[in-house]
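Descriptive structure summary
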Amino acid sequence: MYNTIYCLLICALFWACDNAPIAINIVPYPQEVESTGKQVIIEEPLFLQSDEDLGMVSELLNEQLIIWNEALPENTDNTKKFPVVAEIDDQFNHGVESYHLSVTKKQIKIIGQSPKGIYYGMQSLRQLISEADNQISLPAVEITDFPNFGWRSYLLDESRYFKGKAFVRRLLDEMAALKINKLHWHLTDDAGWRIEIKKYPKLTSVGAYRDSTQINHQGKKWDSKVYDGKPHEGFYTQEEIKEIVAYAAARNIEIIPEIEMPGHASAAIAAYPWLGVIGQLESVPTWFGKLEDSYNVTDPKVIQFLHDVLDEVCELFPAKVIHIGGDEVLFDAWTNSNEVQAYMKKHELKTPADLQIKFTNEISAYLEKKGKRMMGWNEILGQNIHNFENAEDYKAETELSKQSVIHFWRGDIPLITDAAQKGYEIVNSLHSETYLDYTYEGLPLSRIYAFSPIPEGLDSAYHQNIIGMGTQMWSEWTPTTQDVEYQTFPRIAAFAEVAWSGSGDYLNFVNRLKLYSKRWSEKEINFPLEQIK
């Protein structure tokens, strides 16, 4: 009897171990996971069975299968192959980016409503597979996955420091692996103009160059009087832009260009002084921060210039959204200009904020004619979010076009609630929770992971107006690619999980991230390992 009981206990023990849950180490974590507790061992070559209309996704899948097959022993029996099936299923109704990943002893299958979903299923599959001892293994699992938010963006600021095509492609690869679907590309600002505009060659021959740069990595950086004395230059040709846009699109990433207006325009004004209200710049500024001059939006020649620029930008970027910045406009240049004041009086505009909104609405209407929507930082609503001394100048009565997408970066719950109640679509990038130029002490990994793009206290009736979130890598103090990587990784992974599936158990996330970060180490990406220990 005792022997029988002992045998039963042993069998129960082995059964429990065999069916013990296997950790599903995917970042961002999927929405729904069912694991059998078993491992699938693959020793024969993988081959792809896919729908013909998957296009580039099939090519990328095949490239990945070739890499995995190299880990297997040489195949002497051509009849033994392990199928990886990729199919479009119109009935899979979780959205265009959703997928279902099934792993059994007989096959790996990815279905999606669109190629985008298939691509994301492949990204999850890459994280599940282990290669060792001439075989591939992964957990037997059923995953149904889809994003909480359709807008998941990473901003790369190249106006301050130009990084170049190779680095952008490197970032795109890492974004795609984390299911981030927008590169917000900040290409123009006071410190440099980084995109070729054929009709205005001085934008790059003059605007893409500065002869020195403000530096200081201690104390109040914005007040530094220290300069490096080193020339800095660089811009993307239109052919390079097209290459990068295509590279991103193949990885399910849409590039949203930001062309700043009406403020942060010093590089353009240095190239063509007639664009400004003051128009006295002779070269691109070497210091950072808010600068005095802005486009003279009351001059028809300036408006034509901006239309011409947007014409070329729209041709280069197929995205349906064009970001125009619109932030941190200092109104002194407008209030001190007789020409601007006469224009405001003629058009019955009470404040400079009203003038900015009138201009912004006209740009929005122009973009609408080209099949685009305008996006801008939340100053475009005409609110004094900076508590500037001349507060009355920043109070607008003019209403912003409802077609505008509001990029919320500064303010409080009443401001974002007001915008949502008025029907605007909002991307939440509250600076205190999403700005990667902030130190790890100021913005630790845990704080990003705790962030929700839907603010606590926002009425549920307006949750649908929050279409997503963005994280921003402003580069005033990150001159090298290694600096950008250090500030970006691992925090971008926390952002990606919050945007895709929402935050869960932080320690569980860190444990998964420890395994995921091996990818970064293998690629020699510079990141602070101590942040995930």
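Note: the structure precedes this text.
The rules behind these values
Residues numbered from 1 in each chain as written. Predicted model: local features only at pLDDT ≥ 70, side-chain atom pairs only at ≥ 80, totals over all residues. Heavy atoms only, no water. Helix = DSSP H or I, 4+ residues; strand = E, 2+ residues; numbered from the N terminus. Rg over C-alpha atoms; globule rule 2.2 N^0.38 Å. Buried < 20%, exposed > 50% of the residue type's maximum accessible area, 1.4 Å probe, protein only. Salt bridge = Lys/Arg side-chain N within 4 Å of Asp/Glu carboxyl O. Pairing = 2+ DSSP bridges. Axes fitted to C-alpha atoms, helices over the stretch in contact; angles between N-to-C directions. Parallel < 35°, antiparallel > 145°, perpendicular 65-115°, else oblique. Left-handed = near helix turned anticlockwise from the far one by under 90°. Contact = heavy atoms within 4.5 Å. Phe/Tyr/Trp six-rings, centres within 6.5 Å; stacked < 30°, edge-to-face > 60°. Lys NZ or Arg CZ within 6 Å of the ring centre and 35° of its normal.

We now examine the overall build of the protein. Looking only at helices and strands, one finds 18 helices and 19 strands in the protein. Relative to a compact globule of 533 residues, whose C-alpha radius of gyration would be 24 Å, the protein shows 26 Å and is just as compact. Taking the principal axes of its C-alpha atoms as reference, the protein extends roughly 100 × 50 × 50 Å. Put simply, the protein has 533 residues, and 56% of those count as buried.

Once that is clear, we can look at the pattern of salt bridges. Evaluation of the coordinates by the stated rule reveals 24 salt bridges. Asp-189 is the salt-bridge partner of Arg-160, the closest N and O atoms lying 3.5 Å from each other. Linking Arg-160 in the loop between strand E8 (151–157) and helix H4 (165–177) with Asp-189 in strand E10 (residues 188–189), this pair joins segments that are 29 residues apart in sequence. Its relative accessible area of 6% is what places Arg-160 among the buried residues. Classification of Asp-189 by relative accessible area gives buried; the value is 3%. Residues Glu-497 and Arg-512 are paired through a salt bridge, measuring 2.8 Å at the closest nitrogen-oxygen approach. Taken together, the residues Glu-497 in helix H16 (residues 491–500) and Arg-512 in helix H17 (residues 506–516) connect sequence positions 15 residues apart. For Glu-497, a relative accessible area of 1% puts it in the buried group. One connected set of salt bridges, linked through shared partners, spans Asp-157, Arg-160, Asp-189 and Glu-476.

The next thing to look at is the pairing of strand E16 (residues 373–377). Burial of E16 is extensive: four of the five residues sit out of reach of the surface. Of the strand pairs in this sheet, strand E15 (residues 321–323) and E16 are connected by three bridges, and their pairing is parallel. Along E16, the bridge assignment pairs Ile-322 with Met-374. Where E16 lies against strand E17 (residues 405–408), three bridges are found, and the strand directions are parallel. Bridge pairing in E17 links Gly-376 to Ile-406.

Turning to the packing of helix H2 (residues 56–69) against helix H3 (residues 115–128), a few remarks are in order. In the contact formed by H2 and H3, the axes pass within 10 Å of each other and the chain directions differ by 15°. Here H3 runs roughly parallel to H2, going by the angle between their axes. Viewed along their axes, H2 and H3 form a crossing whose handedness is left-handed. For the pair H2 and H3, the contacting residues are Val-57, Leu-60, Leu-61, Gln-64 and Trp-68 in the first and Pro-115, Ile-118, Tyr-119, Met-122, Leu-125 and Arg-126 in the second.

Considering all chains together, one arrives at 28 aromatic pairs under this definition. Residues Phe-331 and Trp-334 carry aromatic rings whose centres are separated by 5.3 Å and whose planes lie at 20° to one another, so their mutual orientation is stacked. Of the two residues examined, Phe-331 and Trp-334, each falls in the buried class. Considering the side-chain rings of Trp-520 and Phe-527, the 5.3 Å spacing of their centres and the 75° angle between planes classify their relative orientation as edge-to-face. Comparing Trp-520 with Phe-527 shows no difference in burial state: the two are buried. The lysine or arginine in question, Arg-210, covers the ring of Tyr-161, its NZ or CZ lying 5.1 Å from the ring centre. Between Arg-491 and the ring centre of Tyr-440, over which it is positioned, the NZ or CZ distance is 4.0 Å.

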